[in-house]
Amino acid sequence: MEEWLVMAFDSTQQALRAEMLLEYAEVEIDLCPTPKEITAGCALSIQFPQQFLATVKDVVAREQVEIRGIYIRSETGEYDSISL
């Protein structure tokens, strides 16, 4: 099964902006509720397949999207931060 990552935000505005930019970049995404294990100021997160990580990082940096972080779910169910 393909590993999906979660990108969390501190504002809904940034989440919706990221959604638009990533769709434009043709990244497969899913808008979802922020997992309760991730502390963020916004209830919306974006999930995407791990294969798109480089593209997502590029879009976030280039467009200066403010994010809380990108996380991967560990085998224990916890979310570990991925360094940007």
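A quick note: this is a predicted structure, and the numbers were derived from the prediction, not measured. (Residues numbered from 1 in each chain as written. Predicted model: local features only at pLDDT ≥ 70, side-chain atom pairs only at ≥ 80, totals over all residues. Heavy atoms only, no water.)

### A short note on helix α1 (residues 12-24)
Condition: Secondary structure elements are taken from DSSP: a helix is a run of H or I of four residues or more, a strand is a run of E of two residues or more, and numbering for both begins at the N terminus. By definition here, a helix of n residues has an expected span of 1.5 Å times n minus one. Using a 1.4 Å probe on the protein chains alone, a residue whose accessible area is under 20% of its type maximum counts as buried, one over 50% counts as exposed, and one in between counts as partly exposed. Here the arc refers to the directions that run from the helix axis out to each C-beta atom. In what follows, a contact means two residues having at least one pair of non-hydrogen atoms within 4.5 Å.
Across its 13 residues, α1 extends 18 Å between first and last C-alpha, which sits within 8% of the 18 Å expected from 1.5 Å per residue. Buried within α1 are the following residues: Gln14, Ala15, Ala18, Leu21 and Leu22. Projected down its long axis, α1 shows its buried positions confined to an angular sector of 130 degrees, all on one face. Those residues of α1 that are exposed and aimed more than 90 degrees away from the buried face are Gln13, Met20 and Tyr24. Contacts made by the buried residues of α1 are with β1 (4-8), β3 (44-49) and α2 (53-63). Positive phi appears at Glu26, one or two residues downstream of α1, with a value of about 60 degrees.

### Considerations on the nonpolar core
What counts here: To qualify as a nonpolar core, a set must consist of buried Ala, Val, Leu, Ile, Met, Phe, Trp, Tyr and Cys residues joined through side-chain atoms within 4.5 Å.
With 21 residues, the main nonpolar core has Met7, Phe9, Leu22, Phe48, Val56 and Ile70 as its most contacted residues. For this core, the secondary-structure elements that each account for two or more residues are β1, α1, β3 and α2. Formed by five residues, the second largest nonpolar core is a distinct cluster that contains Ala8, Ile38, Tyr71 and Tyr79.

### Focus: the environment of Glu19
Along the chain, Glu19 falls in helix α1. In this structure, the C-alpha to C-alpha distance between Glu19 and Ser45, residues 26 residues apart in sequence, is 9.3 Å. Once you skip the residues sitting within four places of it in the chain, Glu19 turns out to touch Ile29, Leu31 and Ile46.

### With respect to the pairing of strand β5 (residues 79-82)
Two faces belong to every sheet, and in a regular strand the side chains alternate between them. The line we're drawing: Paired strands are those between which DSSP finds at least two bridges.
Relative to β5, strand β4 (residues 69-73) runs antiparallel, the two being bridged by four bridges. The residue of β5 that forms the bridge with Arg73 is Tyr79. In this structure, the hairpin formed by β4 and β5 is closed by a connection of five residues, where Gly77 is found at a positive phi of approximately 95 degrees.

### What about the sheet that holds β5?
Applied cut-off: Inter-axis angles, ranging from 0 to 180 degrees, are taken between N-to-C directions of lines fitted to C-alpha atoms, where helices are fitted over the stretch in contact.
Ordered by their spatial adjacency, five strands build an open sheet running β2-β3-β1-β4-β5, and the pairing between neighbours is antiparallel. Of all strands in the sheet, those with a lone pairing partner are β2 (30-33) and β5, marking the two edges. Strand-to-strand twist of the sheet, defined as the mean angle between neighbouring strand axes without regard to direction, takes the value 40 degrees. Sheet topology places β1 next to β3; five bridges connect them, and they run antiparallel. Bridge assignment links Ala8 to a residue of β3, and that residue is Ser45. Across the sheet, α1 lies against β1, β2 and β3, angled at about 25 degrees from β3, the strand it touches most.

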